[in-house]
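What the coordinates show
Each chain, letter by letter, is given below.
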Amino acid sequence: MSLSFGLGEAFALLSAMAWAVGVILYSKLGTWLPPLQLNFIKNTLVLGMLAVALPLVHGLALPDISAAEISIAITSGVIGLALADTLYLKALNQLGAGRMGIIGNLYSPFVIALSFVFLGERLGPLQIVGFVLVGSGVLLVSGKRERQAGGPSVLSGVLLGVLAILLMAVAIVMVKRVLEAQPLVWISLIRMGGALVGLLLIVGLRGELRTLNPWRMRVHWPTLVIAAFVGQFLSTLFWLGGYKYTDAMVAAILNESSSAFIVLLAWLWLREPMDRRRAGGIALAIAGVGCMVL
């Protein structure tokens, strides 16, 4: 087993853990901030964190990145961070974490299909077993939800959620080859810069630039800073690192374990009940992760 393969697996799992922490924190922040404003301010914080991390990780020398690679990274940021994250947060507000958890299960199938077509990747037999186990575990921990009344708001939220997950998959697959060839933090910084430009364009076209003034927002800054650092800065670096050092299909499947981590954290942190169904789902997800690593 190569070192890069081990790094990719580890990064993908660390990303899932960090994102699980972020989801719990973002669900609280969503009660104070609209999706567009929350996405802009957290991405601005993360851009500053990446700027600090860049010289520490890669030094001050400029990398040899082509104009085409920069364009791909920027476009990936606009699609995956500006558009997809804003749609995700809006759908999260409309549907709640339970339904969004189920919709999020579409992520790895989307990435697998796109990677099969555009990257020529394939899964081995043991990895297919791992995919089935992780998927089954995720369905178990997210499938038992309270029934909620449907309606136009729910349908709109479902469509927004599906579109958000699809755009996330498109964004990561399109930047996969650039990630493999270029320094990780540099690409993260360029993607985040593209995301902020995209958000400014969206807000400008809607005539709502004044709403981005952080001093006009009702913000719980300690929660927001922690959420941005763990749920976005660390999660994004580990997430991109997973795609840099292993196949996109493998990273996407391991990222799905975040649903199990969310349930586990909710039990430990928020004192939510842990029944046999959820415990079994976590066990299946862990077994699937083991298959993927092996």
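Look a little higher up for the structure.
In short, a report on the structure. (Residues numbered from 1 in each chain as written. Predicted model: local features only at pLDDT ≥ 70, side-chain atom pairs only at ≥ 80, totals over all residues. Heavy atoms only, no water.)

What about the pattern of salt bridges?
This model, assessed by the stated rule, comprises 3 salt bridges. Between Lys 176 and Glu 180 there is a salt bridge; the shortest N-O distance is 3.1 Å. Separated by 4 residues within a single helix, Lys 176 and Glu 180 lie in helix α6 (residues 152–181), roughly one turn from each other. For Lys 176, a relative accessible area of 1% puts it in the buried group. (Salt bridge = Lys/Arg side-chain N within 4 Å of Asp/Glu carboxyl O. Helix = DSSP H or I, 4+ residues; strand = E, 2+ residues; numbered from the N terminus. Buried < 20%, exposed > 50% of the residue type's maximum accessible area, 1.4 Å probe, protein only.)

Describing the environment of Leu 45
With respect to the helices, strands and loops of the structure, Leu 45 is situated in helix α2 (residues 35–58). Relative accessible area serves as the criterion here: at 25%, Leu 45 is assigned to the partly exposed category. Taking C-alpha positions, Leu 45 is 6.7 Å from Ala 228, a pair spaced 183 residues apart along the chain. Apart from the residues lying within four places of it in its own chain, the contact partners of Leu 45 are Leu 224, Val 225 and Ala 228. (Contact = heavy atoms within 4.5 Å.)

Looking at the packing of aromatic side chains
Counted according to the given criterion, the structure contains 5 aromatic pairs. Relative to Phe 238, the ring of Phe 11 has its centre 5.8 Å away and its plane inclined at 25°; by these criteria the two rings are stacked. One end of the pair, Phe 11, is in helix α1 (residues 3–29); the other, Phe 238, is in helix α8 (residues 221–245), and 227 residues separate them in sequence. With a centroid separation of 5.6 Å and 75° between ring planes, the pair formed by Trp 239 and Tyr 243 is classed as edge-to-face. (Phe/Tyr/Trp six-rings, centres within 6.5 Å; stacked < 30°, edge-to-face > 60°.)

As for the packing of helix α4 (residues 107–118) against helix α9 (residues 248–255)
At their nearest, the axes of α4 and α9 sit 9 Å apart, and the two run at 180° to each other. Taken together, the axes of α4 and α9 are roughly antiparallel relative to one another. Contacts between α4 and α9 involve Tyr 107, Ser 108, Val 111, Ile 112, Ser 115 and Phe 116 on the former and, on the latter, Ala 248, Met 249, Ala 252, Ile 253 and Asn 255. (Axes fitted to C-alpha atoms, helices over the stretch in contact; angles between N-to-C directions. Parallel < 35°, antiparallel > 145°, perpendicular 65-115°, else oblique.)

Remarks on empty space enclosed by the protein
Applying the stated criterion to the full structure yields 1 cavity of 30 Å³ or more. By volume, the largest cavity is sized at about 70 Å³. Around the largest cavity, the lining residues are Trp 19, Val 23, Tyr 26, Lys 42, Asp 85, Tyr 88, Leu 89, Leu 92 and Gln 232. Contributions of two or more residues to the lining of the largest cavity are made by α1 and α3 (67–103). The leading source of residues in the lining of the largest cavity is α3, at 4 residues. Here the lining of the largest cavity is built from residues that sort into 6 nonpolar, 1 polar and 2 charged. (1 Å grid on protein atoms, 1.4 Å probe; cavity = no way out; pocket = protein on both sides within 12 Å on 5 of 7 lines; lining within 4 Å. Points joined across faces, edges and corners; volume = space filled by probe spheres on them. Nonpolar A, V, L, I, M, F, W, Y, C, P; charged D, E, K, R; others polar.)

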